[in-house]
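Geometric and topological summary
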Amino acid sequence: MLRVEYRDGLYLPDIDLWLDAASARERCVISHGHSDHIAEHHAIISTPETARIFRHRCGDALVETLRYGERRDYGQFALTLFPAGHCLGSAQILIEADGERLVYTGDIKLRPNAAAEDAVIVPCDTLVMESTFGDPLYKFPPDVATIARLYAAVDRALSDDRVPVVLAYALGKSQEALELLLRNDYRVTLHGSVWNVSEIYRELGVQFSGKYERYDREHLRHRVLIAPPGCRKQPMITNIERRYVIMLTGWAMHRSAPYMYRGVDLVLPLSDHADFDELVHLARASQAQRIITMHGSAKFAAHLRELGLNAEHLAHYTGSESVRTARKRSSKKGAQDAEPSLFN
Ligand SMILES: [Zn+2]
């Protein structure tokens, strides 16, 4: 069976393959474009959508693209990418080597996502899965109920002549929020970083259910503003006197969520990750004989073992390579990297 290591990304030493490395590598397969999954690699393999987002965020690299379901042979192994439902172009990565099928989920959402492809479950021998919300505390209410709460909060704010500000990470969650708001006929204005990624979505063929505008502080009345969570303490938001700030995050299910985000009026559990029940379903439906969990708590692997599955949590590699150096390099990428895990 393929050895699996977690360094500053996933590493398969038997075939010398990096996946989602957070520091620069010669060649790396990338599941999606969130900043904690990318670095300035020399060469990348990804879906065409992720390659486009990578160029926007990291600049040029040698790029090799695979469409979903397209299998490519690399001699020692073969790669196939499948939709992960996390953001546009997000992929699960199937690696076939020595008769073994190993799937790395990357970040995954099984529920429908208004601005991403529907995820599939890929049968495999080894499943390396994210477990960000691998705790029973994180059983999300149906998205339809959360979306209804979002619309009700926006309606209330607008009728009170306030500016609803929706905080959502610039790639993926923002476009999902944008599409949901446009479907309910709101006028939506976007922070520059959200605007840029949304324009890339359009360039890649996504048809949003209406037009949207780029942020202009003179024109905020009767509009909903979408901005990244990191902006909430910045003048762009704090200068809006009559604002109503809504955060979209799976961490909303945490009992202290109302106190975790200063300056936020409402925290709603709209997430681009699988919740606890989806993760359990994914583990079972994959039919994997070996399950390796990463991100989140080791408790999730223990829970899977109680269900009779062969599961282990992947601890950070502490072998000979200087992990400290790799971490130091990845920390150069700036403050936005500190945020994704908080705002999933
Ligand atoms: Zn992600």
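Residues numbered from 1 in each chain as written. Predicted model: local features only at pLDDT ≥ 70, side-chain atom pairs only at ≥ 80, totals over all residues. Heavy atoms only, no water.

1. So, the packing of aromatic side chains
- The final tally for this structure, using the stated rule, is 11 aromatic pairs.
- Seen in terms of ring centroids, Tyr 74 and Phe 77 are 5.3 Å apart; in terms of plane orientation they differ by 15°. Their pairing is stacked.
- Summarising the aromatic geometry, the rings of Tyr 138 and Trp 251 are spaced 5.3 Å apart at their centres and angled 90° between planes, so their arrangement reads as edge-to-face. One end of the pair, Tyr 138, is in the loop between β11 (126-130) and α2 (143-159); the other, Trp 251, is in the loop between β16 (243-248) and α6 (257-260), and 113 residues separate them in sequence. Across the pair, exposure class does not vary: Tyr 138 and Trp 251 are buried alike.
- Ring-pair connections join several aromatic residues into one group, and the members of that group are Phe 133, Tyr 138, Phe 140 and Trp 251.
- Note that Arg 25 overlies the ring of Trp 18, its terminal NZ or CZ placed 3.8 Å from the centroid. (Phe/Tyr/Trp six-rings, centres within 6.5 Å; stacked < 30°, edge-to-face > 60°. Helix = DSSP H or I, 4+ residues; strand = E, 2+ residues; numbered from the N terminus. Buried < 20%, exposed > 50% of the residue type's maximum accessible area, 1.4 Å probe, protein only. Lys NZ or Arg CZ within 6 Å of the ring centre and 35° of its normal.)

2. Remarks on the sheet that holds strand β3 (residues 17-19)
- Across the sheet, which stays open at both edges, the six strands sit in the order β1-β2-β3-β4-β5-β6 with mixed pairing between neighbours. The open sheet has two edge strands, β1 (5-6) and β6 (62-65), and neither has a second partner.
- Note that strand β4 (residues 27-29) and strand β5 (residues 43-46) share three bridges and pair parallel. Pairing of Cys 28 across the sheet is with Ile 44, part of β5.
- Strand contacts of helix α1 (residues 48-58): β5 and β6, with the helix running at about 140° to β5, the strand carrying the most contacts. (Pairing = 2+ DSSP bridges. Contact = heavy atoms within 4.5 Å. Axes fitted to C-alpha atoms, helices over the stretch in contact; angles between N-to-C directions.)

3. A word on the coordination of the zinc ion
- Ligation of the zinc ion by protein atoms is provided by His 32 (NE2), His 34 (ND1), His 86 (NE2) and Asp 107 (OD), these donors lying 2.2 to 2.3 Å from the ion.
- If you list the donors of the zinc ion from N- to C-terminus, the spacing comes out as H-x1-H-x51-H-x20-D. Of the two residues, His 86 sits in the loop between β8 (78-83) and β9 (91-97) while Asp 107 sits in the loop between β10 (100-104) and β11, which places them 21 residues apart along the sequence. There is no split in this pair, since His 86 and Asp 107 are both buried. (Donors = N, O, S within 2.8 Å, 3.2 Å for Na, K, Ca; no water.)

4. Quick word on the packing of α1 against helix α4 (residues 192-203)
- Relative to each other, α1 and α4 sit at 150°, their axes nearing to 11 Å. With respect to α4, the axis of α1 lies roughly antiparallel. Of the two possible hands of crossing, α1 and α4 adopt the one that is right-handed. Between α1 and α4, the residues in contact are Arg 52, Ile 53 and His 56 and Asn 196, Val 197, Ile 200 and Glu 203, respectively.
- For the contact of α1 with α4, the residue count by class is three nonpolar, two polar and two charged. (Parallel < 35°, antiparallel > 145°, perpendicular 65-115°, else oblique. Left-handed = near helix turned anticlockwise from the far one by under 90°. Nonpolar A, V, L, I, M, F, W, Y, C, P; charged D, E, K, R; others polar.)

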